[in-house]
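Summary of structural features
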Amino acid sequence: MEFLNSSLTTFLCLLPKGVVRPFAMRYVAGESEEDALGVVHELNQLGFTTTLDILGEHSESDEAAREITDNYVRLYEIIADSSLDCNISIKLTHLGLGHDDTLAEKNLFRLLDITERRENFLRIDMENSPYTDATLNLYEKCTAKYQSVGPVLQAYLKRSGDDLKRILSGNPLELNVRICKGIYREPDSIALQDRQEIRNSFIDLVQTGLSNGAYIAIATHDIYLIDTLKTWIDNQSIPKEGYEFQVLYGVPMGNKLEELLDGGHKVRIYIPFGDEWYAYAMRRFKENPKIISYIMGNWFKT
Ligand code: FDA
């Protein structure tokens, strides 16, 4: 399977953009802000809450990092003015981390000023392991001044249990953390590779967070995890305001999301958009060829 996925990745990279577009566009809300806001509006009407992500990462100039920050500032204004149920997820390397860390911090704080002024929330996505420490350090620095910000922990990283303990030792009642499996390929020296071990770690992180009073965003399409955690949450009588389920836009979920909504659970859809879709999709395909088999498999599902 690994070989087949890698071969398909190489093949896709050789194809013209127009041919790759339908593969990528199933998971992207379009190229423009209007496209994305239209999707947010439609999903809100259906009862879903949302998060917007402007595609891209690793800004290579001060100007690019500032421009992307400006775009996010504008999005916050539009979201508030249009009363949309939508927050924002960013990648710190998009704001300049790795290029100029001081500038990234400045851009992040600028975004958090508007997040709080417009009574919204900012999620800091977790990137690959060279950025884990810098991301968590910057998140902790933010919490000295801002409350409407939350990090992401990846269940496959062996360090995540300790990271959760560390961030819980602040004020757990103010912690809002997303738990996901982790999308990058990481070496087995630092990351679990076994599917069930990753699931167990995911369950452990969610249960530890919820038991300590933190708000947990349960970000997965894995039905086993959704059902296991839903049952545990019901048995523990965790209040519905204490957590939400999250999925990526376009990933087929059968009627699972409607079932969650009908049960009174909050469901947020993560919506990426922007003109960087081609570079983004190619990087994702190369980093994690497993995505190709997801896409091929999803093609035939609804
Ligand atoms: P699993 O990998 O078992 O997938 C279950 C099924 O879902 C697959 O069989 C496939 O059908 C479908 N599927 C899953 N991922 C897909 C994809 N990308 N495209 C198409 N189909 C897919 N990671 C990270 O490292 N940092 C982050 O900040 C985030 N943020 C994030 C937010 C949200 C809302 C979600 C849902 C996920 C993330 N992720 C992430 C990605 C996450 O770490 C993980 O790689 C994917 O969710 C896949 O893992 P699952 O738990 O869904 O299970």
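Report on the accompanying structure. (Residues numbered from 1 in each chain as written. Predicted model: local features only at pLDDT ≥ 70, side-chain atom pairs only at ≥ 80, totals over all residues. Heavy atoms only, no water.)

Looking at the sheet that holds strand β1 (residues 49-54)
Filter applied, for reference: In short, DSSP must find at least two bridges between two strands for them to pair. Secondary structure elements follow DSSP: runs of H or I of four or more residues count as helices, runs of E of two or more count as strands, with numbering from the N terminus.
Across the sheet, which stays open at both edges, the nine strands sit in the order β4-β3-β2-β1-β9-β8-β7-β6-β5 with parallel pairing between neighbours. The open sheet is flanked by β4 (149-150) and β5 (152-154), the only strands paired with a single partner. In this sheet, β4 lies alongside strand β3 (residues 122-124) in parallel orientation, the contact comprising two bridges. In the strand pairing of β4, Leu-122 is matched with Val-149.

A word on the pattern of salt bridges
Convention followed: Each reported salt bridge corresponds to a side-chain nitrogen of Lys or Arg within 4 Å of a carboxyl oxygen of Asp or Glu. Under the scheme applied here, a residue whose accessible area is under 20% of the maximum for its type counts as buried, over 50% as exposed, and between as partly exposed, the area being computed with a 1.4 Å probe on protein chains only.
A full pass over the atoms with the stated rule returns 19 salt bridges. Across the salt bridge formed by Arg-268 and Glu-244, the nearest N and O atoms sit 2.6 Å from each other. In this pair, Arg-268 is assigned in strand β9 (residues 267-273) and Glu-244 in strand β8 (residues 243-248), connecting sequence segments 24 residues apart. Judged by its relative accessible area of 7%, Arg-268 is buried. Residue Glu-244 is classed as buried on the basis of its relative accessible area of 2%. One salt bridge connects Glu-259 with Lys-256, and the closest N-O pair in it is separated by 3.1 Å. Placement of the pair is Glu-259 and Lys-256 together in helix α10 (residues 256-262), with a separation of three residues, close to one helical turn. Judged by its relative accessible area of 36%, Glu-259 is partly exposed.

Notes on the nonpolar core
For clarity, the cut-off: Residue types Ala, Val, Leu, Ile, Met, Phe, Trp, Tyr and Cys, when buried and joined through side-chain atoms within 4.5 Å, form a set referred to as a nonpolar core. Should any heavy atoms of two residues lie within 4.5 Å, those residues are considered in contact.
Formed by 95 residues in total, the largest nonpolar core has its most connected members in Leu-52, Tyr-72, Ile-90, Leu-108, Leu-111, Leu-122 and Ile-218. Leaving out residues up to four positions away in the same chain, Leu-111 has contacts with Thr-69, Tyr-72, Val-73, Tyr-76, Ile-90, Leu-95 and Leu-122.

A look at the packing of aromatic side chains
Rules: Note on aromatic contacts: the rings of Phe and Tyr and the six-membered ring of Trp form a pair at centre separations within 6.5 Å, being stacked when their planes are under 30 degrees apart, edge-to-face when over 60 apart, and tilted otherwise.
As enumerated under the stated definition, the model contains three aromatic pairs in all. When the centroid spacing of 6.0 Å and the interplanar angle of 85 degrees are considered together, the rings of Tyr-243 and Phe-245 count as edge-to-face. Residue classification places Tyr-243 among the buried positions, given a relative accessible area of 0%.

Some details on the environment of Lys-256
Spelled out, the test is: Counting of polar contacts relies on pairs of N or O atoms within 3.5 Å, with two restrictions inside protein: one atom must be capable of donating a hydrogen and the other of accepting it, and residues adjacent in sequence are counted only when both atoms are side-chain atoms.
According to the relative accessible area criterion, Lys-256 is buried, its value standing at 8%. Along the primary structure Lys-256 and Pro-130 are separated by 126 residues, whereas in three dimensions their C-alpha atoms are 35 Å apart. When sequence neighbours within four positions are dropped, the list of residues in contact with Lys-256 reads Ile-223, Ile-226 and Asp-227. Looking at Lys-256, its side chain comes within polar contact range of the side chain of Asp-227, at 2.7 Å.

Quick look at unusual backbone geometry
In this structure, His-58 takes a positive phi of about 55 degrees despite not being glycine. On the accessibility criterion, His-58 (32% relative accessible area) is partly exposed. Although it is not a glycine, Glu-119 sits at a positive phi angle of roughly 50 degrees. For Glu-119, a relative accessible area of 74% puts it in the exposed group.

Focus on the site of the ligand
So the rule is basically this: Here a residue is considered near a molecule or strand provided that any single heavy atom belonging to it is located within 4 Å of it. Every accessible area reported is derived by Shrake-Rupley at a probe size of 1.4 Å, with residue values counting cover from the shown protein chains alone.
Near the ligand, the surroundings consist of 24 residues, among which Met-126, Gly-182, Thr-220, His-221 and Tyr-294 are the closest. In this structure, Lys-181 approaches the ligand through a side-chain N or O atom, which is 2.9 Å from an oxygen atom. At a separation of 3.0 Å, an oxygen atom of the ligand approaches a polar backbone atom of Ile-183. Taken by itself the ligand offers 920 Å² of open surface, and the protein chains cover 89% of this. Looking at the shell around the ligand, the elements that each hand over two or more residues are β5, β6 (176-180), β8 and α12 (290-299). Ranked by residues supplied to the shell around the ligand, first place goes to β8 with three residues.

Section: helix α4 (residues 62-81)
Quick reminder of the rule: The span expected for a helix works out to 1.5 Å for each residue beyond the first.
Taking 1.5 Å as the rise per residue, α4 with 20 residues should run 28 Å; its terminal C-alpha atoms sit 29 Å apart, in good agreement. Within the span of α4, buried status applies to Ala-65, Ile-68, Thr-69, Asn-71, Tyr-72, Val-73, Leu-75, Tyr-76 and Ile-79. Buried residues in α4 make contact with α3 (33-45), β1, β2 (86-90), α5 (101-117), β3 and β9. Just downstream of α4, Ser-83 is the residue with a positive phi angle, here 50 degrees.

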